[in-house]
Amino acid sequence: MSFYVRRKDREITDLEELRQVLKTTKYISIAICRNNEPYLISLSHGYDEAKNCLYFHCAPEGKKLVYLKANNSVWGQALLDFGVTEECDYAYTSVHFSGRMSLIEDLAEKQHGLEVLVRQVSLNPEAKLAKITPERLEKTTMGRIDIDYMSGKKHQSPKSRV
Ligand SMILES: Cc1cc2nc3c(=O)[nH]c(=O)nc-3n(C[C@H](O)[C@H](O)[C@H](O)COP(=O)(O)OP(=O)(O)OC[C@H]3O[C@@H](n4cnc5c(N)ncnc54)[C@H](O)[C@@H]3O)c2cc1C
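Let us look at the structure shown here. (Residues numbered from 1 in each chain as written. Predicted model: local features only at pLDDT ≥ 70, side-chain atom pairs only at ≥ 80, totals over all residues. Heavy atoms only, no water.)

### Looking at the overall build of the chain
Basically, it comes down to this: Every helix listed is a DSSP run of H or I at least four residues long, and every strand listed is a run of E at least two residues long, numbered separately from the N terminus. Exposed residues in this analysis have more than 50% of their type's maximum accessible area, buried residues have under 20%, and partly exposed residues fall in between, with area computed by a 1.4 Å probe over protein chains only. Working rule for contacts: check all heavy atoms of both residues, and any pair within 4.5 Å makes them a contact. Values of accessible area rely on a 1.4 Å probe in the Shrake-Rupley scheme; residue burial ignores everything except the protein chains shown. Only four residue types enter the tally: Lys and Arg on the positive side, Asp and Glu on the negative side, with His and both chain ends excluded. For the purpose of locating charges, the reference atoms are NZ of Lys, CZ of Arg, CG of Asp and CD of Glu.
When its secondary structure is counted, the chain shows five helices and eight strands. Along the three orthogonal principal directions, the C-alpha set of the chain runs to about 55 × 40 × 25 Å. Residue burial in the chain is summarised as follows: out of 162 residues, 41% are buried. Within the chain, contacts between residues separated by at least 24 positions form 71% of all contacts whose residues are at least 6 apart in sequence. Here the chain displays about 9,800 Å² of accessible surface, and carbon together with sulfur accounts for 51% of that area. With 24 positive and 22 negative side-chain charges, the chain shows a separation of 3 Å between the mean positions of the two kinds.

Structure representation (structure tokens):
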């Protein structure tokens, strides 16, 4: 069965607008599933437009990695939250995406992913990146979500913010 955004008046179809949401938000929430048991986590992310992927870092162990090793399919959301409007509607711009998650072993890609991530989420990225040594990078667990689908929806979001 295929689904689509039913409210065409709220749908975002412009690819650049969808990408802007992934580029300007600080975190994503992703749904994962193992043995028919759902799980949800939020992750700070950096969006690489050229590769259409999201980079994140995490602890080397934990429930999400157990789930992801069993099933690396993810469904995620990035959200710009504008709160309740005067009309008591909820104003937002959001992007849904699906993709495959994998952990990164290659040091050069880890460095690249960390740069993309830190530049997106940090107010002072260069100072933070200067502290990264090859030894620290080796110990850092980095992952990537390769995006294969995106949809977007907005409701009364200020156009200047997206
Ligand atoms: C805005 C935001 C950004 C985040 N960014 C990152 C990031 O970049 N990298 C990262 O690794 N994590 C990040 N986190 C935390 C992340 O959502 C998980 O809590 C964390 O990664 C641990 O996941 P786990 O499955 O390994 O935890 P585990 O400790 O293995 O999970 C075991 C159990 O702990 C409980 N649990 C786990 N996490 C939470 C939680 N957040 N709140 C309540 N209960 C919980 C659940 O019941 C779960 O079944 C972020 C969270 C938020 C809210």
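### A few points about the site of the ligand
So the rule is basically this: Consider each residue's heavy atoms; a residue with any of them within 4 Å of a molecule or strand counts as near. Within 3.5 Å is the distance limit for a polar contact, defined as a pair of N or O atoms, with the added protein rule that one can donate a hydrogen and the other accept it, and that residues adjacent in sequence qualify only through two side-chain atoms.
Neighbouring the ligand are Tyr-27, Tyr-39, Ile-41, Ser-42, Leu-43, Ser-44, His-57, Cys-58, Glu-61, Gly-62, Lys-63 and Lys-64. One nitrogen or oxygen atom from the main chain of Ser-44 is found 3.0 Å from an oxygen atom belonging to the ligand. Contact distances for the ligand include 2.8 Å between a nitrogen atom and a backbone N or O atom of His-57. When the free accessible area of the ligand is taken as 870 Å², the share hidden by the protein chains comes to 47%. At five residues, the largest contribution of residues to the shell around the ligand is made by strand 3 (residues 37-44).

### Observations regarding the nonpolar core
Put simply, the rule is: In plain words, nonpolar cores are sets of buried Ala, Val, Leu, Ile, Met, Phe, Trp, Tyr and Cys residues tied together by side-chain atoms within 4.5 Å.
Of all hydrophobic cores here, the largest spans 27 residues; its most connected members are Leu-22, Ile-30, Phe-97 and Ile-145. For this core, the secondary structure elements donating two or more residues are helix 1 (15-24), strand 2 (27-34), strand 3, strand 5 (53-58), helix 2 (63-70), strand 6 (73-84), strand 7 (90-103) and strand 8 (141-155). With residues near it in sequence (within four places) discarded, Ile-30 still touches Tyr-39, Leu-40, Ile-41, Leu-43, Val-74, Trp-75, Gly-76, Phe-97, Met-101 and Ile-145. Within the second largest apolar cluster, 10 residues are counted, among which are Cys-53, Val-116, Leu-117 and Met-142.

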